[in-house]
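Overview (structure and organization)
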Amino acid sequence: MDVTHYVIPDWKVVQDYLEILEFPELKGIIFMQTACQAVQHQRGWRQYNKLRSLLKDARRDCILFANEFQQHCYLLRERGESMEKWQTRSIYNAAVWYYHHCQDRMPIVMVTEDEEAIQQYGSETEGVFVISFKNYLDNFWPDLKAAHELWDSILQSRRERENESQESGGKEYPEHLPLEVLEAGIKSGRYIQGILNVNKHRAQMEAFVRLQGASSKDSDLVSDILIHGMKARNRSIHGDVVVVELLPKDEWKGRTAALCENDNEDKASGESSSEPMPTGRVVGILQKNWRDYVVTFPAKEEVQSQGKNAQKILVTPWDYRIPKIRISTQQAEALQDFRVVVRIDSWESTSVYPNGHFVRVLGRIRDLEGEIATILVENSISVVPFSEAQMCEMPVNTPENPWKVSPEEERERKDLRRTHLVFSIDPKGCEDVDDTLSVRTLNNGNLELGVHIADVTHFVAPNSYIDIEARTRATTYYLADRRYDMLPSILSADLCSLLGGVDRYAVSVMWELDKITYEIKKVWYGRTIIRSAYQLFYEAAQELLDGNVSIIEDIPEFKDLDEKSRQAKLEELVWAIGKLTDIARHIRAKRDRCGALELEGVEIHVQLDEKKNIHDLISKQPLEVHEMVAECMILANHWVAKKIWESFPHQALLRQHPPPHQEFFLELRECAKAKGFSIDTRSNKTLADSLGNAHDPSDPVVNRLLRSMATQAMSNALYVSTGSGAEAEFYHYGLALDKYTHFTSPIRRYSDIVVHRLLMAAISKDKKMEIEENLFSNKDLEELCRHINNRNRAAQHSQKQSTELFQCMYFKDRDPETEERCISDGVIYSIRTNGVLVFIPRFGIKGAAYLKNKDGLVLSCGPDSRSEWKPGSLQRFQNKITSATTGGDSLTFHLFDHVTVRISVQTSRCHSDTIRLEIISNKPYMIPNTELSHQSPLLLKSELVKEVTKSVEEAQLAQDVKVNTIQEEYQEYCQTKGRSLYMLLEEIRDLALLDVSNDHGT
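As the structure is a prediction and not an experimental result, all values here were calculated from the model.

Thresholds applied
- Residues numbered from 1 in each chain as written.
- Predicted model: local features only at pLDDT ≥ 70, side-chain atom pairs only at ≥ 80, totals over all residues.
- Heavy atoms only, no water.
- Helix = DSSP H or I, 4+ residues; strand = E, 2+ residues; numbered from the N terminus.
- Pairing = 2+ DSSP bridges.
- Axes fitted to C-alpha atoms, helices over the stretch in contact; angles between N-to-C directions.
- Core = buried A, V, L, I, M, F, W, Y, C linked by side-chain atoms within 4.5 Å.
- Buried < 20%, exposed > 50% of the residue type's maximum accessible area, 1.4 Å probe, protein only.
- Domains from an automatic or database assignment.
- Parallel < 35°, antiparallel > 145°, perpendicular 65-115°, else oblique.
- Contact = heavy atoms within 4.5 Å.
- Nonpolar A, V, L, I, M, F, W, Y, C, P; charged D, E, K, R; others polar.
- Expected span 1.5 Å × (residues − 1).
- Polar contact = N/O pair within 3.5 Å; in protein donor to acceptor, adjacent residues only side chain to side chain.
- Phe/Tyr/Trp six-rings, centres within 6.5 Å; stacked < 30°, edge-to-face > 60°.
- Salt bridge = Lys/Arg side-chain N within 4 Å of Asp/Glu carboxyl O.

Regarding unusual backbone geometry
Phi is positive for R235, which is not a glycine, with a value near 70°. Structurally, the position occupied by R235 is in the loop between α10 (230-233) and β9 (241-246). Here the phi dihedral of A736 falls at roughly 60°; this positive angle occurs in a residue that is not glycine. Here A736 shows up in the loop between β28 (718-721) and α24 (750-766).

Set out below in structure tokens:
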């Protein structure tokens, strides 16, 4: 480490100036345990996790010193000594010890904001300098302009908060109750603990608290708690863990039923569709969810209207659910066209808004790279390149030094290269091939089914630099036009990827099946060596299954073969695909009998050309081979789950999918009833049977919508540690399996890496061998599961937001009045008091369509079925809504009616743009252009993305000012190289679903 001195920050510096300590120029920082614990206890887990991430980053040359566990560093707190003084004294004492430990050769600079400490310790020990942080920056880093600006911003913000607190005579909010009172109240049942979830469509009025921990088990409540209005929210922010006191029942309110674009309209309507529900107020916050927020500065005229106080600016967060944040800056006008990151510092009871400070600029508003960066920050996704230390752990595979199977591994592993026909089936152009399949006839006539998964854990050692990084990322992030890998490409796209024609290490599960009934006779788990014979794409496998053998012209492995060899290999492959499909049908049928669900979700992927420009956006076309591969993977995940649970019943990682709350099915049942169907939701079996029978022969969209509603009613599947609950709790509701885990995608999911290690340990345990794998304790595994679940939600949200971004960019530059593509057929799937929710099958879009506008006019349709706005009123019924004009005309819309919809974009400077739907006719849309009517949705989506790409390129060329840093960051951080097909993977089979249009004012 090339440094001239070591820096030891005081606890207060770590708390208040962590963003500055994160600057890569600052090296040689020693964080004392005392300072880290102060951050954990006083600033919450988010700030503490940022500090932990900094310490784990091998590029940063900073370390943690456990001074309180070092005999000569630990100091007892003196009688009457404040905690703050003891912390500073402990850190200084540890700094002195560390200087002597380095044999007095490396100067130590302790930075603090405590003037008394500077006076007392400044010249006490030669070689240990105690100075202010500002003095340190001025003298050691005078040219680090960004750090100085950030320091000024933080300091100014703090001073203003102190002044406001002194000047304010009244309080905007009540004080939070002390922690001990909150904990006692939760224990007694007086107060309820939960996570605050703000309704983004009514952010000023509606928030809900979902019960958490002991509250959810001990309370008689079966629904969320409504928090009505900002006052009752009491300075809590979306995502905070809060403590709630229930209001008297006569003060309970119901959910608002009206569609609304802003809260003002909602306040004016004052409508409530539901019965009063438990309503409460926040009395305390247990854990703040404060993070980095992307904001927009007010427009120039708004800044000027604030007059001489223009240094104090209210910035608007990109996320509707976050209140405006007050920051101090003199750059408001210069930054009004940019997305900017700020961080919240405090929210005093005397202030209407939280206080924060400027962190950094992201990019220009509506610039593609700036908007993508916004999505990443909003979901706390870090896309920094893999570090040099991490890459040094990677194996080498170059033409000069090709990777080979080692003799030691050949002795230890089962070699399948000459005995098994192994092949993969993936999307076209797939690089990260996690899984391959095999099937063969055994000597006794039975069948052997094999699932072979990339052996990532061979290359990723526990607690190595790359393991820690993969654990932090937890998953590969797939956006609409790019992906960010969990592992470096040397592993994800090469040595771990089970590519065709090359030797690879695998972890295999192989079953012996009865030749007739396919019942499982025995199972084998272990490490293997495979050589995939074919790297098939789904469409080719389906063609072979359907008997169209001409597709082999598109399969590279069949080229350059003589006719006899080609025919023999073709027959062998066709038999294998057919047999696998037959086995999969039997497996699926067995799960169906137990209640497995088939739900509706959105699954699309984006194809890029060689220059990484978007070439196609393609919706997944259902094929039987998709089902076949999925069933084989589900079978492997199920059997591995049983194995690791049997071996480690208190520390295995499983995938849990709890049954949904019955009240969430209410809308599904009512909608189905409108079409004459009865949906029985008492169990997964009755639900699956009911959905299977709910088919309208004249309109297949009906079943799609009903399945989509069922999907939205589902609980999210979660990773859990088996030591955290009873065995019955591990049941997977959607798949109808008693135990389930994730084993089949270790290249892109860290959960699967953990499961691979557990499986290897279970195999060692069976063989009475020493367990070499470092297994997590139940407590550590619980914490890891929470982290992975959080990152999975971030991945789902980022997928959803990036898809919506591209949809908006496509429709934005088109004239909705004249452009044919902006008119489409829509299906009404929900009724609200002032409008309806509509599904557009052609583009997979869901959204609100108003029947009453802001001027109070209602929608009416004339004799030609074209719509117009007239004075009148709306009357809502259970399955229909009627618009009646003062002139005597009336128009009724029923559930599942097909209507003609105009698609446009509601632009927003501060937030993301949104799709806007307008009903222009009460009749189904008939495509007038015959040629267009024959085009498939696949082609239309392809053209959608091409148009988006073209408009983005034109907009970038037209810009007078370019933000080069954004472009450079994309080149640096978009990690996967080469031509590729990037998928947005929404794992419908595991029900980790997040419908891309799940929130439209509902």
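After presenting the structure, the write-up continues.
Notes on the sheet that holds strand β34 (residues 880-885)
Across the sheet, four strands lie side by side as β32-β33-β34-β35; this open sheet has antiparallel pairing. Each end of this open sheet is capped by a strand with a single partner; those strands are β32 (857-861) and β35 (890-894). The sheet shows a mean angle of 45° between the axes of neighbouring strands, direction not considered. As paired strands, β34 and β35 are joined by five bridges and run antiparallel to one another.

Things to note about the nonpolar core
Ranked by internal contacts, the top residues of the largest apolar core, which has 97 residues, are F423, W511, L536, M628, F743 and L759. The greatest single-element share of this core, amounting to 12 residues, is contributed by helix α20 (residues 624-647). Lining this core are residues from two domains, each supplying at least three of them: domain 3 (391-598) and domain 4 (624-810).

Concerning the sheet that holds strand β7 (residues 206-211)
Read from one edge of the open sheet, five strands run β8-β7-β6-β9-β10, paired in antiparallel fashion. Because the sheet does not close on itself, it has two edges, and the strands there are β8 (225-228) and β10 (280-287). This sheet shows a mean twist of 40° between the axes of neighbouring strands, independent of strand direction.

As for the packing of helix α16 (residues 465-473) against helix α25 (residues 778-812)
Following both chains from N to C, one finds α16 and α25 inclined at 60°, their axes separated by 8 Å at the closest point. Relative to α25, the element α16 is oriented oblique. Of the residues in α25, those in contact with R471, T472 and R473 of α16 are L784, H787 and R791. Per-class residue counts for the contact of α16 with α25 are one nonpolar, two polar and three charged.

Thoughts on helix α19 (residues 563-594)
Helix length check: α19, at 32 residues, gives a terminal C-alpha distance of 47 Å against a target of 46 Å (1.5 Å per residue), a fit within 8%. Between the side-chain oxygen of the N-cap and the backbone nitrogen of K564 there are 3.1 Å, and the N-cap of α19 in question is D562. One or two residues past the end of α19 sits G595, with phi positive at roughly 110°.

Concerning the environment of E149
By the secondary structure assignment, E149 is in helix α7 (residues 145-167). Note on E149: relative accessible area 38%, which makes it partly exposed.

Details of the packing of α24 against α25
The relative placement of two packed helices comes down to the angle between their axes together with the axis-to-axis distance. One can describe the packing of α24 onto α25 by two numbers: an axis separation of 10 Å at closest approach and a directional angle of 150°. Accordingly, the angle class assigned to the pair α24 and α25 is roughly antiparallel. Residues Y750, S751 and V754 of α24 touch α25, and the partners they reach there are L781, L784 and I788. Considered class by class, the residues forming the contact of α24 with α25 number five nonpolar, one polar and no charged.

Overview of helix α18 (residues 538-545)
Residues that lie three or four places apart on an α-helix share one face, since the helix turns once every 3.6 residues. The complete set of buried residues in α18 reads Y538, A540, A541, Q542 and L544. Residues of α18 that are buried in the fold lie against β17 (422-426), β24 (534-537), α19 and α20. Immediately beyond the C-terminal end of α18, within one or two residues, lies G547, with a positive phi of roughly 95°.

Focus: the side chain of D514
Tracing the backbone through its elements, the reader meets D514 in the loop between β22 (503-513) and β23 (520-531). Given a relative accessible area of 17%, D514 falls into the buried group. For D514, the side chain forms a polar contact with the main-chain nitrogen of I516, separated by 2.8 Å. Each residue touching D514, except ones within four places of it in the same chain, is listed here: N446, E519 and K521.

Let's talk about the packing of aromatic side chains
For the structure shown, the criterion picks out 16 aromatic pairs. Ring centres 5.7 Å apart and planes at 85° place the aromatic pair Y173 and W347 in the edge-to-face group. You can see Y173 sitting in the loop between α7 and α8 (179-188) and its partner W347 sitting in the loop between β14 (338-346) and β15 (355-364), a full 174 residues away along the chain. There is no split in this pair, since Y173 and W347 are both buried. Between F459 and Y505, the aromatic rings sit 6.2 Å apart at their centres with planes inclined by 25°, giving stacked as the arrangement.

What about the pattern of salt bridges?
One pass over the structure, following the stated rule, counts 58 salt bridges. Of the charged contacts, one joins E81 and R89 as a salt bridge, the two residues approaching to 2.9 Å between their closest N and O atoms. Each of the two residues, E81 as well as R89, counts as buried. Note that D494 is salt-bridged to R504, the shortest N-O span being 3.2 Å. With D494 in helix α17 (residues 489-495) and R504 in strand β22, the pair connects residues that are 10 residues apart, well separated along the chain. Neither residue differs from the other here; D494 and R504 are each classed as buried. Ionic contacts of the salt-bridge type, sharing partners, join the residues E410, D415, R417, R418, D503 and R531 into one network.

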